[in-house]
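Letter by letter, the chains look like this.
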Amino acid sequence: MKLAYWPGCVSRGFTAELHGSMALVAERLGIELVELDRANCCGAGVIAEHNQELADTLNARTFALAQQTGLAMMNICSTCQGAQSECQQRLDADSAYRAHINEVLSGQGLSYEKGVDGWTNKNFLWVLVEDYGLDKLAEKVQRPLSGLRIGPFYGCYVVRPKHRLGYDEHPDRDLYLEQVIETLGGQVVEYDGARKCCGFPVITMNRETSLRQAGTHVGDALDAGADCLVTPCPLCHLNLDMQQPEAAKVVNRDLGLAVLHLPQLVGLALGFEPKQLGMGKHIASTEWVEERLASVAA
Amino acid sequence: MATYTLKVRRYQPESGEGPYWEEFDVELDPSLSVLDGLLQAKDRDDGSLSVRCSCRAAICGSCGMKVNGSSTLACKTQIGEAHEQANRRPDVPAEGGQIGHSTSGTSNPIVVEPMGNMPVIKDLITDMESTHWEKIRRVTPWLLPHGDPPEREYVVEPESMIDITQSMACIQCGACVSSCLSMEADPEFIGPAALAKAYRFVGDPRDAETTERLHDLAHDPHGIYDCTHCFSCIDACPKGVAPMDQIMRLRRRAEENGIDSDPNNGHNHMVAFTKIIEKKGTLDESLLLQESYAPGVKGKLKPTKGAIKGLLGSIPTALRGLKTGKMRSLPKLIPGVHPKLPGGAQDEVKTIYAHAQEHREEFNLYIKGEDGDEETAVAEGLEPDPQKETA
C-alpha cells in the first residue's frame, strides 16, 4: 500500500512524537508514505471563518499536490480531516466554483479534479479499518495489549457532521477506534466523552470552558476505569495531555491519565518500545501504561 | 410489524423521587416513528407518560428529545432505524443505557431521554425558557430598520434574502441547544439556536443595525467566540439550519464590519492564524500563542486584560513542555523561528493569499445543493463530458 501523506502542522510541532511514531508504524505495517512536504496548513476551520474562498483554495492546492503523485491521500489529524473535508465538499458540489478555484492554482501547474480514479483523503484510522483491514492488522500484532483498558477519544472532526464525512457509505466510522482497540487485544472503556469536544478550539478564547471540557472527559474516563485514552487527533492531544494539569485545576480533582496518539497505540502492539514511540514526551505520564503492559507480558 | 423496547428516562417532580428508567414494549411498523412508539406506550401502558408533541411531521418542533444519545425530533426518527442504531454494538447498550439491557433480553433497547442542557419539567418535557427562549430574546430577534416605515411593504431584491433562508428554516425545536457541547461546559453561552437567529437579522438587508448587532455578539464573552466548533448542532438540526455555519458567518461579518477586538481575543486569534500560514505555510504554534494574545508584539503592544491573563495562564503549560522535551527545539520555543515551506512552495501559498485579497466568495451548499451541477458544467465546457469519455 502506497499513499500520499499529509502529516499536518501540529504533528510536526508540539506533538512531534505523533509524526515519528506514524513513520515507524507505517514501515512495519508495510504502508509506504510519500510525504507532501510542499503542502500547506488545512486552516483548521480558522482560516475559513476569515475567508472561505482562501481556505478552499489552500486545501485545493494540497489535494492537487496529492493527486499529482497519483496516490490516495492520508492524514493523521482529525482536524485536518474535518477542515479538508469541508473544503472538498464545496469544491465537489459545483464545477463552476471548482474551475474558479483551479484558475488560481493553474499558475502553479496544479489542478484539483473531483473523484479522479476514486481519489480519497482519509485519516489513518479510516485507512487502517477500510483499506488496510483489521484482519491484516491482527496478523501484525506482536504484543497484544491484553488487560489494557483504553478509552477512545475521536475528536469532533472525524465524527461530525456525518453527512459530510462519508457516514452514508461508512456508517461505523464512529466505532473504528473501538474496533482497532479490540483488534490490538485491548479492552474498550465506555465513558461519556468519547465523541465529545476536547475544548481545544477555544483554548485561547475561553480558557475555562476549554479546560473544563478536557478535564471532564479525562475525569469520566478515569472513573470508568481507563488506563489511558487514545486519539487520532493531535489537537485533542494538546488539550487532553499538554493541558491536563491545568484542566485538573478547573475541574478541581486529581487527573493523571496517559493520552496516546493512535499510531503509538498501534506501535505498542506491533512491538515497539514506548521510548521509540516518543511516549516520554507526553505531559501526563505514560508509566502506568508501560507497567500494565509489562505485567501482562511477564 | 415488529416489537421494540423503548427505555425511557422518566421523572415526576410531584413524587419527590429522582429520575429513573422504565422500559416499554411497543408493536409497530419499522417505518413509523419513535414518537408513535411513545404515544402507543402512553395509550396502552401508562397514561402518565409525558411527552410534548403536536404536528408529528417535523414542522412544529415540539418533540425534541434524545434518542440513543442524539438530539433529534422523535417524530422524524424512524423506530426501525433507532433500533438498529441502538444495536450497532450488540454487547454494548446505547448511550444513556448503561444500567442494564432490555428486559426482552436479546437486543439493546432504544434509549429515549429528555433534551440536554435544559431543566426537566416531567418525563420527556423540558423547560426551554431559560436555556432557549431567553437566549433567543437576547439577540433582539426582530427587525431594526431606520427611518420612517414605507407606506406599503419593504421591497427588497429576492437575491439579497437568499443568504438568510437557511437560518429562517429554524422551527425552534431546541435540538441544537440540547446537543451543544459549548453550552454543556458554559451554560452562559448564547448558543446555536439564538446565534443562528441573530444571523437571520444580521444578514437581512432591511435591518439597519448590523454593526451594532455584531459588536454586541462579539463583545459578549459568551457570544460568537465561545463556540467550540464541535459540529454537534449541525448533526442535530432536523431542518438543515447548520447553526455552527451561521456562527462562522457572524464571525466573518464581524470582521468585515471592522470589529477587530473582543474580550475573547477571537478576532486576534483568527487574524494571527491566517497571517502565520501566509508567512510560513504551516502553523508556528509559539507565534500563534503570542500573536493571539498580543498582536504586533514587536511594534505596538496593546494586549487587553484578558489577553495578559491568557498569556500568563499558558506559562505553566509551556514550562512543563520544556521539561519533557516537548518544546525543547528552537522552532517550538522561539516564536518566528519556524521554517517556511521548501523550494518556492511558500511563494505559491503567498500567490493564493494575494488572490484572496480580492476574492471572498462564500459558496453556500444550502442554496447551491450538494449534488453538483455536472450537466450544466458539461454544457458550458467546464468539465469533460463523461459519456463522451467512455464512448
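Residues numbered from 1 in each chain as written. Chains lettered and ligands numbered in written order. Predicted model: local features only at pLDDT ≥ 70, side-chain atom pairs only at ≥ 80, totals over all residues. Heavy atoms only, no water.

(A) Quick look at the overall build of chain B. In terms of helices and strands, chain B carries 20 helices and seven strands. The burial tally for chain B puts 50% of its 391 residues in the buried class. When contacts within chain B are restricted to residue pairs at least 6 apart in sequence, those whose partners lie at least 24 apart make up 64%. Of the roughly 18,500 Å² of accessible surface on chain B, a fraction of 53% belongs to carbon and sulfur atoms. (Helix = DSSP H or I, 4+ residues; strand = E, 2+ residues; numbered from the N terminus. Buried < 20%, exposed > 50% of the residue type's maximum accessible area, 1.4 Å probe, protein only. Contact = heavy atoms within 4.5 Å. Areas by Shrake-Rupley, 256 points an atom, 1.4 Å probe, with all protein chains shown as cover.)

(B) Quick look at the overall build of chain A. Along its length, chain A carries 12 helices and eight strands. Relative to its length of 298 residues, chain A is compact, with a C-alpha radius of gyration of 19 Å against a globular reference of 19 Å. Summarising its shape, the C-alpha atoms of chain A cover approximately 60 × 45 × 30 Å along the three principal directions. Every one of the 298 residues in chain A was classed for burial, and the buried ones make up 68%. Long-range contacts, defined as pairs at least 24 residues apart, comprise 77% of the intrachain contacts of chain A with a sequence gap of at least 6. Chain A carries 26 positive and 37 negative side-chain charges, and their two centres are separated by 2 Å. (Rg over C-alpha atoms; globule rule 2.2 N^0.38 Å. Lys, Arg positive; Asp, Glu negative; His and termini not counted. Charge placed at Lys NZ, Arg CZ, Asp CG, Glu CD.)

(C) Inspection of the sheet that holds strand E2 (residues 20-28) of chain B at higher detail. Residues and elements named next belong to chain B. Taken in spatial order, the five strands of this open sheet run E2-E1-E5-E3-E4, and their pairing is mixed. With partners counted over all chains shown, the strands left at the sheet margins are E2 and strand E4 (70-73), one partner each. Strand-to-strand twist of the sheet, defined as the mean angle between neighbouring strand axes without regard to direction, takes the value 35°. Direction of pairing for strand E1 (residues 2-10) relative to strand E5 (residues 110-113): parallel, over a ladder of three bridges. Opposite Leu-6, over in E5, you have Ile-110 as the bridge partner. In the packing of helix H1 (residues 34-44) onto the sheet, contacts are made with E1, E2, strand E3 (64-67) and E5, and the angle to E2 comes to roughly 105°. (Pairing = 2+ DSSP bridges. Axes fitted to C-alpha atoms, helices over the stretch in contact; angles between N-to-C directions.)

(D) Quick look at the pairing of E4(B). Examined bridge by bridge, E3(B) and E4(B) share four bridges and lie antiparallel to one another. Looking across to E4(B), one finds that Met65(B) is bridged to Thr72(B).

(E) Representation of the sheet that holds strand E7 (residues 228-231) of chain A within the structure. Residues and elements named next belong to chain A. The sheet built from four strands is open, its strands ordered E6-E5-E7-E8 with parallel pairing. If you trace the sheet from one side to the other, it starts and ends with strand E6 (187-188) and strand E8 (258-261), each paired once. Here E7 pairs with E8 via four bridges, running parallel. Each bridged residue has a counterpart across the sheet, and for Thr-231 the counterpart in E8 is His-261.

(F) A look at the packing of aromatic side chains. Counted under the stated rule, the structure contains five aromatic pairs over all chains. Each ring, one from Tyr97(A) and one from Phe363(B), has its centre 4.8 Å from the other, and the planes form 20°; the classification is stacked. Of this pair, Tyr97(A) sits in helix H4 (residues 95-106) while Phe363(B) sits in the loop between helix H17 (345-356) and helix H18 (365-368), placing the two residues on different chains. Under the relative-accessibility criterion, Phe363(B) is labelled buried at 3%. The side chain of Lys7(B) reaches across the aromatic face of Trp21(B), ending 5.5 Å from its centre. Above the face of the Phe201(B) ring, Arg200(B) is positioned so that its terminal group lies 4.4 Å from the ring centre. (Phe/Tyr/Trp six-rings, centres within 6.5 Å; stacked < 30°, edge-to-face > 60°. Lys NZ or Arg CZ within 6 Å of the ring centre and 35° of its normal.)

(G) Spotlight on the pattern of salt bridges. Residue and element names in this part refer to chain B. All told, the structure shown has 44 salt bridges over all chains when counted by the stated rule. Put simply, Arg-137 and Glu-129 hold a salt bridge, and the shortest N to O gap is 2.4 Å. Note that Asp-207 is salt-bridged to Arg-213, the shortest N-O span being 2.9 Å. Residues participating in the shared-partner salt-bridge network are Arg-249, Arg-252, Arg-253, Glu-255, Glu-256, Arg-360 and Glu-362. (Salt bridge = Lys/Arg side-chain N within 4 Å of Asp/Glu carboxyl O.)

(H) Up close: a positive patch on the surface. Residues and elements named next belong to chain B. Taken together, the side chains of Lys-275, Lys-279, Lys-340 and Lys-350 present a region of like positive charge at the surface. Positionally, Lys-340 belongs in the loop between helix H16 (330-333) and H17. Assessed through its relative accessible area of 52%, Lys-340 is described here as exposed. (Patch = residues over 30% accessible without salt bridge, like charges linked within 9 Å, V, L, I, M, F, W, Y side chains within 5 Å.)

(I) Molecular detail of helix H2 (residues 79-86) of chain B. Residues and elements named next belong to chain B. Where H2 is concerned, the buried positions are Ile-79, Gly-80, Ala-82 and Ala-86. All buried residues of H2 project into a common sector of 160° when viewed along the axis, lining one side. Turned more than 90 degrees off the buried face of H2, the exposed positions are Glu-81 and Glu-84. (Arc of directions from axis to C-beta.)

(J) The arrangement of the pairing of E5(B) in detail. Residue and element names in this part refer to chain B. Alternating residues of E5 divide into Ile-110 and Val-112 and Val-111 and Glu-113, and every residue in both groups is buried. The pairing of E3 with E5 spans two bridges and is classified as antiparallel. Each bridged residue has a counterpart across the sheet, and for Val-67 the counterpart in E5 is Val-112.

(K) Summary view of the nonpolar core. One finds Ile47(A), Phe273(B) and Ile277(B) to be the most contacted residues of the largest nonpolar core, which totals 50 residues. The residues touching Ile47(A), leaving out its near neighbours within four places in the chain, are Leu54(A), Ala55(A), Leu58(A), Phe273(B), Thr274(B), Ile277(B) and Tyr353(B). Judged by nonpolar contacts, the second largest core, of 49 residues, contains Ile31(A), Leu148(A), Tyr154(A) and Leu268(A). (Core = buried A, V, L, I, M, F, W, Y, C linked by side-chain atoms within 4.5 Å.)

(L) Broad picture of the interface of chain A and chain B. Contacts between the two partners involve 87 residues from chain A and, on the opposite side, 79 residues from chain B. Regarding the contact of chain A and chain B, the summed buried area is about 7,100 Å², with carbon and sulfur atoms giving 56% of it. When the buried surface of chain A facing chain B is broken down by residue, Phe14(A), Glu49(A) and Met205(A) rank first, second and third, together holding 11% of it. The tally of links from chain A across to chain B stands at nine salt bridges. For Arg38(A), the salt bridge identified is with Glu348(B), shortest N-O distance 2.9 Å. Scanning the region where chain A abuts chain B turns up 32 residue pairs in polar contact (both at pLDDT 80 or more). Secondary structure elements with two or more residues in the side of chain A that touches chain B: helix H1 (16-29), helix H2 (52-68), helix H3 (78-93), H4, helix H7 (176-183), helix H8 (207-223), helix H9 (234-242) and helix H10 (244-251) of chain A. Looking at which element gives the most residues to the side of chain A that touches chain B, the answer is H4(A), with eight residues. Split into classes, the residues belonging to the side of chain A that touches chain B amount to 35 nonpolar, 23 polar and 29 charged. (Buried area = accessible area lost by both parts, 1.4 Å probe. Polar contact = N/O pair within 3.5 Å; in protein donor to acceptor, adjacent residues only side chain to side chain. Nonpolar A, V, L, I, M, F, W, Y, C, P; charged D, E, K, R; others polar.)

(M) Representation of H1(A). Between its first and last C-alpha atoms H1(A) spans 20 Å; for 14 residues at 1.5 Å apiece the expected length is 20 Å, and the two agree. Every buried residue of H1(A) is listed here: Glu17(A), Leu18(A), His19(A), Ser21(A), Met22(A), Val25(A), Ala26(A) and Leu29(A). (Expected span 1.5 Å × (residues − 1).)

(N) Representation of the confidence of the model for chain B within the structure. With 89% of its residues at a pLDDT of 70 or more, chain B shows a mean pLDDT of 88. This model gives residues 97-103 of chain B a pLDDT under 50, and the stretch forms 17 contacts once residues within four places in sequence are excluded. (pLDDT = per-residue confidence, 0-100.)

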